[in-house]
Amino acid sequence: MPKVTIDGHSIEVPEGTTILQAARMIGGDIVPPAMCYYSKLKTSGGYCRTCIVKVTKGSEKDPRPMPKPVASCRTTVMDGMEVQNTTAPDLLEARKGVVEFLLLNHPLDCPVCDQAGECHLQDLSYQHGLAKSRYEFKRREFEKIDIGENIKLHMTRCILCYRCVKVADQVCDSRVHGVINRGDVAEISTYIEKSLDSDFSGNVIDVCPVGALTDRTFRFKSRVWFTNPMNAHRNCTKCSGKTVLWTSGDDVLRVSARKDVHGEVEEWICNECRFEKKEKSDWTIEGPRHIDRKSVISANHYEVKKQLKIDVSNQKSIDERAHNN
Amino acid sequence: MGRKLLTENINVPGIQSLDVYRKHGGYDGLKKALGMSPDAIVEEVKKSGLRGRGGAGFPTGMKWSFLAKPDGVPRHLVCNADESEPGTFKDRYMMERIPHLLIEGMAIGSFALGANTSYIYIRGELLYVFHILQKAIDEAYAAGLLGKNIMGSGFDFDLHVHCGAGAYICGEETALIESLEGKRGNPRIKPPFPAIQGLWQRPTVVNNVESVMAVVPIVKMGGDEYAKIGVGKSTGTKLISACGHINKPGVYEIELGIPVEEFIYSDEYCGGIRNGKDLKAVVAGGSSVPILPKDLILKLANGEPRLMTYESLSDGGFITGTMLGSGGFIVMDEDTSVVKNLYTFSRFYHHESCGQCSPCREGTGWMEKVLHKILDGHGTLEDVDLLWDIQSKIEGKTICPLGEAAAWPVASAIRHFRSEFEEYVKNPSSIKKDNHYYRLNNISPEVA
Ligand SMILES: Cc1cc2nc3c(=O)[nH]c(=O)nc-3n(C[C@H](O)[C@H](O)[C@H](O)COP(=O)(O)O)c2cc1C
Ligand code: SF4
Ligand code: SF4
Ligand code: SF4
Ligand code: FES
């Protein structure tokens, strides 16, 4: 089994493992951010370039460093490889550049964006972004489009990660959407606003790292951090029926798939579970959902307080709020 | 006079037709090749030292020997005729004038690689050349030079010419393959390389038009003989498309190794700078390679003459050197504005980015807008630093080399001509002064 060292942490991994996967096995701060790679989608990754790392030693056999930073999500580990992520200042500077490019034409209208609080781009810009944009030109804008009854496409916020295209290719029975045009006017589109109608099309919402694809049945109902996520399941003939209900009192505001520590869905869910089962009585509720990610979303949830580096003076009020939840 | 291997017969009347081409030794190379073993042909190409003429200069024989040969899986040779790099127009010239040379090269190469079906992918704008090639292919089929059992050799070979839709990015070999498969022309993320999984996931060699054509004289004269022309690892002849402020723009076949100065000033080639003006700068290998000022293009940093070879042109790295690239040789006289020229290049790369990866998608447009701002007379010194910073954040962080192709011209213009940027910024009225062949977009980018 090849052995790789990332920021000084060594691990042996199965043949064919990528640097990003190896970093995830090690865990912690050394895991590069990934905006386009999705382990459940074949051929994903390589586009956004946020996951770049520096390979200072190619392998035991060929110890030469790699001349350029590489996309960790698409580079396989070689035995003896040495990688720098957080320990290389020039790499962090390069990543800052990538984040700046991703945000260059991004509206950052988080206050009115349904994704706020669970947005990977928001997290990324907090961690790596510049305080102020150096871009002084008008940002590009696209019209909002309804793709079918349940999904809203807000292309202006899209980072062209291609995940939704791969979901449509690999999870739905047929693909009616893709990328049209090129360069900085490339856009996700369904030809002539044709709706995405497949039992599994709703999964594009869950894979979208930003607020470009959102659930129309949830739009503007609530800020996500004011809702209570609950694990729930039902007997479903199409999918596993294992979901998260985002509730407020007795109302089920939104149904989504369950996501792991990397923000990836555990299992795809069908549109019936997602869009049509909006009563608590439709579901067997298992209990509160553990939210792992360190983003704003977690701020209101009691389980996460341990992970948040918070001011001790705040501790009490957060504890109290947690108990009230 | 330098030796001519590819253009020897280019001015023979009617050389476009099969009859005349054959009368001048056409398809003798193929005949000879079919009598050799495929491996022996690869060996000759290796010995010749031929390096890819599409831009990167990778040794062709080595590329051929890397081709995977799994049992029962077809292989392909794909000719890259997408030539769209600003300043490069040699492939078009050759295909238009002497189409059978490409077909002969494709047949020899395909036989050497064991490819029974091969493709020429031609740039969409060159529709008229597509028709010329198609006509030549039809002639070759009728004469038994293509199709079943070519020239009675037992080798079956089909050749197709496919027209792109007009995108520079489809010249990148993996984008070309995607496009040929009928998909969106997005470069693939490598590995896997085409030699293992190319067209339809089959082992594939992609070669430039000129590389394929060069195989014909190599087979005819032998690799060793070919390698005698040139200097060091730059062997054989190279087509250079020369343009700009010279007396004799055009496509020239040179023996690699002649001094740059001779190429620019001798009557055999460019014939010197137009209107008795002085030389200011040269972009030596197509728009993406670094621009060099007069003193550095004519001489190396150590004062020795710079030669038209891969090594000599890249001597000094990007600090004092450039690249031979695709052979698009753009000459600028003393009146030329490097900044305005750069703007034109930047506009091109912005327009041609496929948009897959964020640094190129966003960065190319940003650089164009900042340059536009400077040429509009609103630039600041910080904008020059900003341009430098943007290009450095694109370079090396993208999926395909288009990112670098967009970054290098900006970096080199600032490196060698920073004072010109500063002059425009400090003294906007100077922008109007010199005005060679450039057009600002009518619309200024909107400021937020
Ligand atoms: C953006 C881009 C455009 C390119 N355009 C061309 C082209 O028009 N013609 C060409 O032969 N090679 C082009 N190339 C280089 C090809 O990817 C490839 O290296 C070449 O076709 C290999 O042929 P060779 O080994 O015979 O040079 C381009 C590369 C890039 C990155
Ligand atoms: S997509 Fe994310 S970063 Fe963009 S506006 Fe929405 S929440 Fe903010
Ligand atoms: S819509 Fe969302 S998932 Fe689709 S490409 Fe854009 S950002 Fe990615
Ligand atoms: S570098 Fe530019 S052209 Fe190449 S893949 Fe990325 S976006 Fe496309
Ligand atoms: S996650 Fe690797 S390039 Fe986007």
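Residues numbered from 1 in each chain as written. Chains lettered and ligands numbered in written order. Predicted model: local features only at pLDDT ≥ 70, side-chain atom pairs only at ≥ 80, totals over all residues. Heavy atoms only, no water.

Secondary structure summary: chain A contains 7 helices and 14 strands in total. The proportion of buried residues among the 325 residues of chain A is 56%. Intrachain contacts of chain A at a sequence separation of at least 6 include 63% that bridge at least 24 residues. Taken as a whole, chain A presents about 14900 Å² of accessible surface, with 49% of it coming from carbon and sulfur. (Helix = DSSP H or I, 4+ residues; strand = E, 2+ residues; numbered from the N terminus. Buried < 20%, exposed > 50% of the residue type's maximum accessible area, 1.4 Å probe, protein only. Contact = heavy atoms within 4.5 Å. Areas by Shrake-Rupley, 256 points an atom, 1.4 Å probe, with all protein chains shown as cover.)

Take the site of ligand 1 next. Residue and element names in this part refer to chain B. Neighbouring ligand 1 are 18 residues, the closest being Gly-54, Lys-63, Asn-207, Asn-208 and Ser-211. Arg-53 places a polar main-chain atom, nitrogen or oxygen, 3.2 Å from an oxygen atom of ligand 1. In the environment of ligand 1, an oxygen atom lies 2.6 Å from a nitrogen or oxygen atom belonging to the side chain of Asn-208. In isolation ligand 1 offers 610 Å² of accessible surface; the protein chains occlude 89% of this area. Per-element tally for the shell around ligand 1: the top contributor is strand E4 (residues 204-208), with 3 residues. Tallied by class, residues from the shell around ligand 1 come to 4 nonpolar, 8 polar and 6 charged. (Near = heavy atom within 4 Å. Polar contact = N/O pair within 3.5 Å; in protein donor to acceptor, adjacent residues only side chain to side chain. Nonpolar A, V, L, I, M, F, W, Y, C, P; charged D, E, K, R; others polar.)

A word on the pattern of salt bridges. Considering all chains together, one arrives at 47 salt bridges over all chains under this definition. Note that Glu-362 of chain B and Arg-361 of chain B form a salt bridge whose closest N and O atoms lie 3.0 Å from each other. Arg-361 of chain B shares its class with Glu-362 of chain B; the two are buried. Its salt-bridge partner being Asp-385 of chain B, residue Arg-418 of chain B comes within 2.5 Å of it at the nearest N-O pair. Placement of Arg-418 of chain B in helix H18 (residues 402-426) and of Asp-385 of chain B in helix H17 (residues 381-394) is noted, with a sequence separation of 33 residues between them. On the basis of relative accessibility, which here comes to 29%, the residue Arg-418 of chain B falls in the partly exposed class. Taken together, the shared-partner salt bridges connect Glu-93, Glu-100 and Arg-134 of chain A together with Asp-389 and Lys-393 of chain B into one network. (Salt bridge = Lys/Arg side-chain N within 4 Å of Asp/Glu carboxyl O.)

Before going further, it helps to spend a moment on the pairing of strand E2 (residues 9-12) of chain A. Along a regular strand, successive side chains alternate from one face of the sheet to the other. All names here are of chain A. Note that strand E1 (residues 3-6) and E2 share 4 bridges and pair antiparallel. Its bridge partner being in E2, Ile-6 is matched across the sheet by His-9. Counted along the chain from E1 to the antiparallel partner E2, the turn is 2 residues long, and its residue Asp-7 has a positive phi close to 50 degrees. (Pairing = 2+ DSSP bridges.)

As a further point, take the environment of Gly-316 of chain B. Tracing the backbone through its elements, the reader meets Gly-316 of chain B in the loop between helix H13 (310-313) and helix H14 (317-320). In the structure, Gly-316 of chain B is positioned 268 residues away from Ser-48 of chain B in sequence and 26 Å away in space, judged by C-alpha atoms.

On to the sheet that holds strand E4 (residues 70-71) of chain A. All names here are of chain A. Taken together, the 5 strands give an open sheet; going across it, the order is E2-E1-E5-E3-E4, and neighbouring strands pair in mixed fashion. The open sheet has two free edges, formed respectively by E2 and E4, since each of these has just one partner strand. Each of strand E3 (52-57) and strand E5 (81-84) is contacted by helix H2 (residues 89-104), which is oriented at about 155 degrees to E3, the strand it contacts most. (Axes fitted to C-alpha atoms, helices over the stretch in contact; angles between N-to-C directions.)

So, on to the nonpolar core. In terms of nonpolar packing, the biggest core is built from 112 residues, with Leu-121, Ile-188 and Trp-268 of chain A together with Trp-366, Leu-387 and Phe-421 of chain B touching the most fellow members. Per-element tally for this core: the top contributor is H18 of chain B, with 10 residues. Look past the residues within four positions of Leu-121 of chain A in its chain and what remains in contact with it is Met-35, Leu-102, Leu-103, His-106, Ile-159, Pro-209 and Val-210 of chain A. One finds Ile-15, Val-42, Ile-108 and Phe-130 of chain B within the second-largest nonpolar core, a separate group that totals 63 residues. (Core = buried A, V, L, I, M, F, W, Y, C linked by side-chain atoms within 4.5 Å.)

A separate point is the packing of helix H3 (residues 38-48) of chain B against helix H6 (residues 99-113) of chain B. Residue and element names in this part refer to chain B. Following both chains from N to C, one finds H3 and H6 inclined at 115 degrees, their axes separated by 7 Å at the closest point. As H3 packs across H6, the resulting crossing turns out to be left-handed. Facing Pro-38, Ile-41 and Val-42 of H3, the residues of H6 in contact are Ile-108, Phe-111 and Ala-112. A per-class count over the contact of H3 with H6 returns 6 nonpolar, no polar and no charged. (Left-handed = near helix turned anticlockwise from the far one by under 90°.)

Quick look at the packing of H2 of chain A against helix H16 (residues 358-375) of chain B now. Direction vectors running N to C along H2 of chain A and H16 of chain B enclose 70 degrees, while the axes themselves pass 9 Å from each other. The angle between H2 of chain A and H16 of chain B falls in the class roughly perpendicular. As H2 of chain A packs across H16 of chain B, the resulting crossing turns out to be left-handed. Between H2 of chain A and H16 of chain B, the contacting residues are Val-98, Glu-100, Phe-101, Leu-102 and Leu-104 of chain A on the first element and Ser-358, Pro-359, Arg-361, Glu-362, Gly-363 and Trp-366 of chain B on the second. (Parallel < 35°, antiparallel > 145°, perpendicular 65-115°, else oblique.)

Further remarks concern the interface of chain B and chain A. At the interface, 38 residues of chain B touch 34 residues of chain A. Taken over both partners, the interface formed by chain B and chain A buries close to 3100 Å², and the fraction arising from carbon and sulfur atoms is 55%. Counting every contact that joins chain B to chain A gives 6 salt bridges. Here Glu-362 of chain B makes a salt bridge to Arg-140 of chain A, at a shortest N to O gap of 2.8 Å. (Buried area = accessible area lost by both parts, 1.4 Å probe.)

The accessible area lost on association of the parts is a frequent measure of interface size. Residue and element names in this part refer to chain B. Under the domain assignment used here, chain B contains domain 1 (18-228), domain 2 (236-333) and domain 3 (338-440). Its C-alpha centre places domain 1 at a distance of 35 Å from the equivalent point of domain 3. Listed as interface residues are 13 residues of domain 1 and, on the opposing side, 10 residues of domain 3. Of the roughly 910 Å² buried at the junction of domain 1 and domain 3 (both faces included), carbon and sulfur atoms supply 68%. Where domain 1 packs against domain 3, one counts 0 salt bridges. (Domains from an automatic or database assignment.)

Next up on the list: the sheet that holds strand E14 (residues 284-288) of chain A. All names here are of chain A. The 4 strands lie next to each other as E13-E12-E11-E14, forming an open sheet whose pairing is antiparallel. The two strands at the open ends of the sheet, each matched to only one other strand, are strand E13 (251-256) and E14. The sheet shows a mean angle of 35 degrees between the axes of neighbouring strands, taken without regard to direction.

This part is about H16 of chain B. Residue and element names in this part refer to chain B. For H16, spanning 18 residues, the distance from its first C-alpha to its last is 26 Å, which sits close to the expected 26 Å at 1.5 Å a residue. Among the 18 residues in H16, 18 count as buried, and that is most of the element. Looking one or two residues beyond H16, the residue adopting positive phi is Gly-377, at roughly 90 degrees. (Expected span 1.5 Å × (residues − 1).)

Aromatic rings in a pair are described by how distant their centres are and how their planes are angled relative to each other. Scanning the entire structure with this criterion turns up 19 aromatic pairs over all chains. Consider the rings of Tyr-168 of chain B and Tyr-349 of chain B, whose centres lie 6.0 Å apart with planes at 65 degrees: the pair is edge-to-face. With Tyr-168 of chain B in the loop between strand E3 (158-163) and helix H8 (173-180) and Tyr-349 of chain B in helix H15 (residues 338-352), the pair connects residues that are 181 residues apart, well separated along the chain. Here the aromatic cluster, defined as three or more aromatic residues joined through ring pairs, consists of Phe-101, Tyr-135 and Phe-137 of chain A together with Trp-366 of chain B. Between Arg-234 of chain A and the ring centre of Trp-283 of chain A, over which it is positioned, the NZ or CZ distance is 5.9 Å. For Arg-254 of chain A, the ring lying beneath its charged end belongs to Phe-218 of chain A, and the centroid distance is 4.8 Å. (Phe/Tyr/Trp six-rings, centres within 6.5 Å; stacked < 30°, edge-to-face > 60°. Lys NZ or Arg CZ within 6 Å of the ring centre and 35° of its normal.)

Residues and elements named next belong to chain A. Domains assigned within chain A are domain 1 (3-97), domain 2 (130-215) and domain 3 (224-298). Each of domain 2 and domain 3 has a C-alpha centre, and the two are 22 Å apart. In this assembly, domain 2 packs against domain 3 so that about 1100 Å² is buried in total across both faces, 53% of it on carbon and sulfur atoms. The interface formed by domain 2 and domain 3 holds 1 salt bridge in total. Two residues, Asp-206 and Arg-274, come together in a salt bridge whose shortest N-O distance is 2.9 Å. The interface formed by domain 2 and domain 3 holds 10 residue pairs in polar contact (both at pLDDT 80 or more) in total. Broken down by element, the side of domain 2 that touches domain 3 gets its largest block of residues, 4 residues, from helix H5 (residues 203-207). Taken together, the residues of the side of domain 2 that touches domain 3 sort by class into 6 nonpolar, 5 polar and 3 charged.

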